[in-house]
There are 2 protein chains.
Amino acid sequence: MAHLPTVLDVGRIAGVSRQTVSNVINTPDIVKPETRERVEAAIAQLGYRPHASARRLRTQKSSTLGIRLDPMANGISGAVLDRFLHAVTEQADRRGLRVMLFTADSPEDEIEQFARMRDGADVDAFILTSTFYRDPRTEWLIANGVPFVTFGRPWGIDDMNDPRHLWVDVDGWSGVHQATEHLLGTGIRHIAYLGWPSPSGTGDDRRRGWREAMVTRSHLSELELDALAMVAEDGVGNGRAAVEALRATGTPVEAIVCASDSLALGAALAVGADIPVIGYDNTPVAEAVGLSSVEQPLDEVAAGVLELLMGPTGADVLDRDAAAGVPRHRLVTPRLVVRERSTLL
Amino acid sequence: MAHLPTVLDVGRIAGVSRQTVSNVINTPDIVKPETRERVEAAIAQLGYRPHASARRLRTQKSSTLGIRLDPMANGISGAVLDRFLHAVTEQADRRGLRVMLFTADSPEDEIEQFARMRDGADVDAFILTSTFYRDPRTEWLIANGVPFVTFGRPWGIDDMNDPRHLWVDVDGWSGVHQATEHLLGTGIRHIAYLGWPSPSGTGDDRRRGWREAMVTRSHLSELELDALAMVAEDGVGNGRAAVEALRATGTPVEAIVCASDSLALGAALAVGADIPVIGYDNTPVAEAVGLSSVEQPLDEVAAGVLELLMGPTGADVLDRDAAAGVPRHRLVTPRLVVRERSTLL
DNA sequence: TACCGCGATTTGATCGATCAAACTACGCTA
DNA sequence: TAGCGTAGTTTGATCGATCAAATCGCGGTA
């Protein structure tokens with residue numbers, strides 16, 4: 001195979017040295033315009049492209065982000081992470097970054113992978129798609145000075161504002177609040193909520209969105225609200241069972257807001273087409289069966305992740321010092337997608 | 001930041017030269033056992049890991065596979081590609097390979113990306129998740145000697161057995177055949193098929209699976225079979241409409257086999273719980289609503305992809321010559337997952 | 001004793017780029 | 001005219017590993 005052109009080849013053709021070629025690519029301003037044009041022509045003529053590994057070796061940057069591909073991303077809501085992955089890859093492409101995947105069996109294994117990829121100069125930064133209180137992974141990353149951003153707030157007390165922990169999240173409170181408000185706006189008052197058991201950072205946040213909307217506008221008593229608050233582990237079957245159990249008590253239910261599309265589908269199956277049900281995540285399932293749902297703006301999340309990592313326009317991962325002026329986290333607002341369910345389910 | 005250990009550091013501690021350290025890592029057999037142990041101890045002590053970019057620069061291999069993340073992977077069946085991605089990443093990890101993502105707007109753009117990543121020595125090989133007749137991408141890859149494997153057969157006449165085009169695919173014929181056989185086994189004879197419009201390599205293949213099973217065992221006439229063969233673009237609504245149209249004609253229908261879970265969900269919504277419906281892809285939706293479906297063994301597909309690319313156990317992408325004895329393609333058999341739908345839908 | 005052969009290890013060169021320092025040419029000033 | 005600053009460019013060194021060739025050590029043979 002004829003060897004690919006290098007800076008030297010380009011320089012030879014343009015009649016300049018290798019470094020000048022390098023300058024044309026990396027710091028065009030310091031090159032005299034007419035020289036630059038000659039070099040650019042040579043680059044085009046040869047179809048030259050910088051050798052990524054060589055550059056990485058020299059600069060000690062990889063222009064690559066690492067994301068763990070969650071093994072349990074199955075289930076009805078797994079698609080959210082996949083859509084996020086799409087969004088991140090597109091945004092990263094736009095900035096000249098690559099996305100590299102890896103898998104891990106456990107948090108410890110994942111840390112092992114962090115170490116491996118960091119040491120191999122394989123990646124500049126990591127994106128984590130979920131974290132939990134006292135997550136050993138974020139602690140390790142912080143301790144070892146490896147840049148990272150999480151999609152999802154760290155729900156621990158102190159963590160949330162730790163300036164070393166960058167995060168982007170979707171405002172679940174707002175999403176569920178919007179959904180509830182939307183239903184309240186149709187004149188309905190007995191709106192039930194079907195969510196996950198406590199404690200769950202995300203789950204509790206969403207539940208509060210419903211509760212606070214209801215307290216403000218439903219004019220129901222605390223007791224009545226408690227009765228309308230259902231709890232179930234995620235899953236279609238669980239959701240259906242919970243709703244059937246609630247209805248068996250005779251509590252009036254005019255609509256149901258859910259913490260996920262899985263639960264919402266279960267709820268919809270339990271109540272039929274008469275009672276509005278709103279899910280969360282706007283998964284393909286919701287679309288398929290015509291279920292209203294809260295859509296997470298994953299493009300925005302992805303853009304936010306990269307912005308926290310590299311600044312508004314940068315093409316390099318900021319180190320901690322350079323990141324002084326940049327905000328440490330971002331909360332994006334989801335959007336309610338209203339659908340007519342009657343035609344399908 | 002204290003610099004990471006290099007082969008030189010390891011050698012210094014073990015009292016050997018850098019090359020011996022390299023040998024311990026790459027060709028342990030040629031190193032005297034006691035020396036090897038000393039070096040290994042030093043490696044462990046320092047927590048040394050080879051610098052990936054340096055190695056890549058020298059060896060001109062990246063140990064990385066490129067996969068395009070399909071932008072239109074939405075919809076109910078998009079999950080299949082995502083599960084495939086999981087499987088590939090896991091299998092690749094097992095062989096010490098990484099998976100790198102990229103996006104592209106068009107086949108031309110994708111070729112541009114191929115060129116960029118190949119020239120940058122970013123990836124050793126590509127995995128394509130779908131191809132079509134006279135696909136410019138595979139033609140480019142072949143012409144430029146870039147290794148690749150496709151998930152999905154090239155349906156063109158000559159392409160299928162082109163030894164330069166490696167592929168792995170799932171035997172859709174068999175999947176639908178199994179589904180039809182299963183229904184026939186329950187004593188039912190009027191089994192309809194709901195599939196995509198022709199021509200479609202994959203779609204026509206699946207349709208044949210149904211037809212041939214029916215011809216063999218249903219004892220229905222060609223005319224009756226034609227009447228039971230429905231055509232619809234993919235989508236829940238389309239599926240539902242097609243089934244409703246068929247039933248409106250009065251044609252007796254005792255069961256429906258479908259080319260996708262989307263169509264199957266539409267069919268199920270049209271016929272209710274009385275008539276068995278079998279989908280394809282075994283997506284989360286099928287599981288959620290309790291729909292039988294044909295499951296693609298994506299782990300097997302992923303394993304096959306890597307095997308074609310690197311041989312049964314290799315850790316390096318085979319070049320064309322080294323791949324002499326290795327088979328050029330593999331067809332894996334899907335599996336029917338039978339579910340009781342009545343409880344949910 | 002001198003030399004060969006061979007396993008084990010070391011040294012020199014290299015992959016392709018970028019950093020840092022040195023050099024050139026040229027205009028300006030004293 | 002010598003000296004100086006500066007924009008533009010070149011040369012030398014380096015990143016961390018591996019390849020290729022040279023060297024070392026040592027038992028065996030004539």
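Below is a short write-up of the structure.

Procedures and definitions
- Within any chain, residue numbers begin from 1 and follow the written order of that chain's sequence.
- For this description, chains carry letters from A and ligands carry numbers from 1, given in the order in which they are written.
- A pLDDT threshold of at least 70 governs which residues receive local features in this predicted model, and a stricter bar of 80 or more applies before side-chain atom pairs are shown or counted, although totals over entire chains, interfaces and linings include all residues.
- The side-chain figures draw on all heavy atoms in the structure; neither hydrogens nor water molecules are used.
- The copies are overlaid by a least-squares fit using only the C-alpha atoms of residues whose pLDDT is at least 70 in both copies.
- The contact rule is simple, with two residues in contact once any of their heavy atoms fall within 4.5 Å.
- For each residue, the test is whether any non-hydrogen atom lies within 4 Å of the molecule or strand; if one does, the residue is near.
- Pairing of N or O atoms within 3.5 Å defines a polar contact, subject to two protein rules: one partner must be a possible hydrogen donor and the other a possible acceptor, and residues neighboring in sequence count only if both atoms are side-chain atoms.
- Runs of E in the DSSP output that reach at least two residues are strands. Runs of H or I that reach at least four are helices, and both are numbered from the N terminus.
- Pairs of strands are assigned from DSSP output, requiring at least two bridges between the strands.
- Every axis corresponds to a line fitted to the C-alpha atoms, with the helix fit spanning only the stretch in contact, and the corresponding angles, defined between N-to-C directions, vary from 0 to 180 degrees.
- Relative accessibility under 20% of the residue-type maximum defines a buried residue, over 50% an exposed one, and the middle range a partly exposed one, all with a 1.4 Å probe and only protein chains included.
- The arc in question is traced by the directions running from the helix axis to the C-beta atoms.
- Oblique is the label for any angle not under 35 degrees, not over 145, and not in the 65 to 115 range, which are roughly parallel, roughly antiparallel and roughly perpendicular in turn.
- If you view the pair so one helix is near and one far, a crossing is left-handed when the near helix is turned anticlockwise from the far one by less than a right angle, and right-handed when it is turned clockwise.
- Three categories are distinguished: nonpolar for Ala, Val, Leu, Ile, Met, Phe, Trp, Tyr, Cys and Pro, charged for Asp, Glu, Lys and Arg, and polar for the others, with Gly belonging to the last.
- Only Phe, Tyr and Trp rings take part, Trp by its six-membered ring, and two of them pair if their centres are within 6.5 Å. Stacked means planes under 30 degrees apart, edge-to-face means over 60, and tilted covers everything else.

When chain B is fitted to chain A, the residual RMSD is 0.1 Å, and the transformation amounts to a turn of 180 degrees plus an axial shift of 0.1 Å. Both chain copies can therefore be described as sitting about a two-fold axis. Mapped onto chain A, 100% of the interface residues of chain B again fall at the interface, so both copies present the same surface.

It is worth spelling out the protein's contact with DNA strand D at this point. The immediate surroundings of DNA strand D are formed by 26 residues, with A:Arg18, A:Thr35, B:Gln19, B:Ser22 and B:Tyr48 found nearest. Between A:Arg58 and DNA strand D, the recorded distance is 2.7 Å, taken from a side-chain N or O atom to a base oxygen. Here a base nitrogen of DNA strand D and a backbone polar atom of B:Ala54 are 3.3 Å apart. Mapped by element, the contributors of at least two residues to the surface near DNA strand D are helix 2 (18-26) and helix 4 (52-59) of chain A together with helix 2 (18-26) and helix 4 (52-59) of chain B. In terms of residues, the surface near DNA strand D owes the most to one element, helix 4 of chain B, which gives five residues.

Residues and elements named next belong to chain B. Across the sheet, six strands lie side by side as 7-6-8-9-10-12; this open sheet has mixed pairing. The sheet terminates laterally at strand 7 (229-231) and strand 12 (335-337), the two strands that pair on one side only. Sheet twist, expressed as the mean angle between neighbouring strand axes with direction ignored, is 20 degrees. Taken together, the four bridges between strand 6 (residues 191-195) and strand 8 (residues 255-258) define a ladder with parallel strand orientation. For Ile191, the partnering residue across the bridge sits in strand 8 and is Ala255.

The next subject is helix 12 (residues 261-271) of chain B. All names here are of chain B. For helix 12, a buried count of 11 out of 11 residues is recorded, marking the element as mostly surrounded by other parts of the structure. All buried positions along helix 12 are accounted for by Asp261, Ser262, Leu263, Ala264, Leu265, Gly266, Ala267, Ala268, Leu269, Ala270 and Val271. N-cap assignment for helix 12: the residue whose side-chain oxygen lies 3.3 Å from the backbone N of Ser262 is Ser260. A positive phi of about 75 degrees marks Gly272, the residue just after helix 12.

Right, let's get into helix 4 of chain A. Along helix 4 of chain A, the positions that sit buried rather than exposed are A:Ala52, A:Ser53 and A:Arg56. The arc enclosing the buried residues of helix 4 of chain A, seen along the axis, measures out at 95 degrees, which places them on a common side. Taken together, the buried residues of helix 4 of chain A touch strand 1 (64-68) of chain A together with helix 4 of chain B. Among the residues trailing helix 4 of chain A, A:Gln60 stands out with phi positive, at a value near 60 degrees.

Take the packing of helix 1 (residues 7-14) of chain B against helix 3 (residues 33-46) of chain B next. Residues and elements named next belong to chain B. Across the interface, helix 1 lies against helix 3 with an axial gap of 9 Å and an inter-helix angle of 120 degrees. Compared by their axis directions, helix 1 and helix 3 come out oblique. Seen from above, helix 1 lies across helix 3 with right-handed handedness. Packed against helix 1, whose contacting residues are Asp9, Val10, Ile13 and Ala14, the element helix 3 presents Arg38, Val39, Ala42, Ile43, Gln45 and Leu46 at the interface. When grouped by side-chain class, the residues that make up the contact of helix 1 with helix 3 number seven nonpolar, one polar and two charged.

As a further point, take the packing of aromatic side chains. Summed over the entire model, instances satisfying the criterion amount to 12 aromatic pairs over all chains. Consider the rings of A:Tyr193 and A:Trp210, whose centres lie 5.7 Å apart with planes at 25 degrees: the pair is stacked. Taken together, the positions of A:Tyr193 in strand 6 (residues 191-195) and A:Trp210 in helix 9 (residues 201-217) put the pair 17 residues apart, joining distant regions of the chain. Assessed through its relative accessible area of 0%, A:Tyr193 is described here as buried. Judged by relative accessible area, which is 0%, A:Trp210 ranks as buried. The interplanar angle of 75 degrees and the centroid separation of 6.1 Å between the aromatic rings of B:Phe102 and B:Phe114 together place this pair among those described as edge-to-face.

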